[in-house]
Amino acid sequence: MIQTIIFDVGDVLLEYRWIEMLTDYGLSEKEASVIGETMFADPLWDELDLGIRSRTDIIQDYEQKYPQYKDEISWFLNHGEYMHVPRKDVWKKVHQLKEKGYHIYLLSNYSEDLFRKHTADADFMKDIDGMVVSWQIHKTKPSPDIYLHLLETYGLTPSECIFFDDRPANTEAARKLGIQAVTITSRDVLMAELEKL
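The shown structure was predicted, so the numbers you read here are calculated from the model rather than taken from an experiment.

Conventions used here
Residues numbered from 1 in each chain as written. Predicted model: local features only at pLDDT ≥ 70, side-chain atom pairs only at ≥ 80, totals over all residues. Heavy atoms only, no water. 1 Å grid on protein atoms, 1.4 Å probe; cavity = no way out; pocket = protein on both sides within 12 Å on 5 of 7 lines; lining within 4 Å. Points joined across faces, edges and corners; volume = space filled by probe spheres on them. Helix = DSSP H or I, 4+ residues; strand = E, 2+ residues; numbered from the N terminus. Nonpolar A, V, L, I, M, F, W, Y, C, P; charged D, E, K, R; others polar. Phe/Tyr/Trp six-rings, centres within 6.5 Å; stacked < 30°, edge-to-face > 60°. Buried < 20%, exposed > 50% of the residue type's maximum accessible area, 1.4 Å probe, protein only. Salt bridge = Lys/Arg side-chain N within 4 Å of Asp/Glu carboxyl O. Pairing = 2+ DSSP bridges. Axes fitted to C-alpha atoms, helices over the stretch in contact; angles between N-to-C directions. Contact = heavy atoms within 4.5 Å.

Chemist: Help me understand the layout of surface pockets, please; the structure alone is not making it clear to me.
Modeler: Rolled over the atoms, a probe as big as a water molecule pinpoints where empty space is left. Roughly 550 Å³ of internal volume is contained in the largest pocket. Along its surface, the largest pocket is lined by 22 residues, and Tyr16, Trp45, Asp49, Asn109 and Arg167 are the ones closest to its centre. Counting residues per element, the ones that place at least two in the lining of the largest pocket are α3 (43–50), α7 (112–119) and α10 (168–176). Among the elements that make up the lining of the largest pocket, the one with the highest residue count is α3 (3 residues). Residue composition of the lining of the largest pocket, by class: 9 nonpolar, 6 polar and 7 charged.

Following this line, the structure appears as C-alpha cells:
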C-alpha cells in the first residue's frame, strides 16, 4: 500500500522555459536551442548538480570551452530565476494528497543556486516531509546512492513508495530498489497519476 509519494522537481512539480528565457535575452529560437542543448549536454551541467564546485568556476569553464557563447551562458547561469514556470494545479493536488495522509518527499538533481531560486515561492515546499537534492550529498540520479540516502535518512520502506520523475533512467533506477515509479511525460500524465492516489 502506497503511503509515501516522492517527487522529482524539474518537469514534474514545475516546468522549464529555457528556450523562452534565451529568446527574451535576444537570441533566435534556433540559437537558443543550440546554446541550451550545448550547456545541458556538457558534463559541466552535472557538476553544477553535484554541488562540488562553485557556479563561478563552472561558468569560467563553460566560457573557455564555448567562447562563442560566453556572454549568453554567463547570463543564463546567473539568472536562473527566469527559467522556471510554476505548476500551481499540481501543487494544489500535492497539498490535497498531504491532507489525505500521504508523506511527501523530494528527490531531485539540482544545483543549490537554481533549487533555491526555483522553490523560493513554491507552495509544495510547505507540504514536504523531507528532501534529498543532489547538491546536498554530491550524488545524482540515477545513482542508487541518492535513492538509498533518501530511504535511509527518513526510514522509508521502498514498497510503500511511489516516485514521479521525467527521466526513464531515473524511474528505472527506483524500480530496481523496489520503489514503484512512473515516468512523467507531461503535466496531464502527472495529474492523472495523482488523481489515482
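And the narrative resumes.
Chemist: Before we go on, may I ask you to explain the packing of aromatic side chains in this structure?
Modeler: We describe a pair of aromatic rings using the distance from one ring centre to the other and the angle between the two ring planes. Tallied over the entire structure, the rule returns 11 aromatic pairs. On the numbers, 5.1 Å between centres and 85° between planes, the contact of Trp18 with Phe40 is edge-to-face. Here Phe40 lies in helix α2 (residues 29–41) and Trp18 lies in helix α1 (residues 18–25), a separation of 22 residues in the sequence. Residue Trp18 is classed as buried on the basis of its relative accessible area of 18%. Centroid distance Tyr147 to Phe163: 5.9 Å. Interplanar angle 90°. Geometry classified as edge-to-face. On the criterion of sequence distance, the pair formed by Tyr147 in helix α9 (residues 144–154) and Phe163 in strand β6 (residues 161–165) is long-range, its members being 16 residues apart. Each member of the pair Tyr147 and Phe163 is classed as buried. Here the aromatic cluster, defined as three or more aromatic residues joined through ring pairs, consists of Trp18, Phe40, Trp45 and Phe76.

Chemist: Mind showing me how you'd approach the pattern of salt bridges here?
Modeler: When charged atoms on two side chains of opposite charge get close, those side chains can pair. All chains considered together, the criterion is met by 19 salt bridges. Residue Asp24 pairs with Arg17 through a salt bridge whose shortest N-O separation is 2.7 Å. Glu112 is the salt-bridge partner of Arg116, the closest N and O atoms lying 3.0 Å from each other. Highlighted residues: Arg116 and Glu112, both in helix α7, separated by 4 residues, approximately one helical turn.

Chemist: What is the right way to read empty space enclosed by the protein from this model?
Modeler: The final tally for this structure, using the stated rule, is 1 cavity of 30 Å³ or more. Of the volumes computed, that of the largest cavity is approximately 30 Å³. Lining the largest cavity are Leu48, Arg55, Leu77, Ser111, Asp113 and Leu114.

Chemist: Help me understand the sheet that holds strand β5 (residues 130–133), please; the structure alone is not making it clear to me.
Modeler: Through backbone hydrogen bonds, the strands of a sheet pair up, either in parallel or in antiparallel fashion. With parallel pairing, the 5 strands of this open sheet are ordered in space as β5-β4-β1-β6-β7. On the outer flanks of this sheet lie β5 and β7 (180–183), each paired with one strand and no other. Sheet twist, expressed as the average angle between the axes of neighbouring strands with direction ignored, equals 20°. Both strand β1 (residues 4–7) and strand β4 (residues 103–108) contribute to a ladder of 4 bridges, which runs parallel. Residue pairing in the sheet places Phe7 in a bridge with Leu106 of β4. Contacting β1, β6 and β7, helix α11 (residues 187–196) crosses the sheet at an angle of about 165° to β6.

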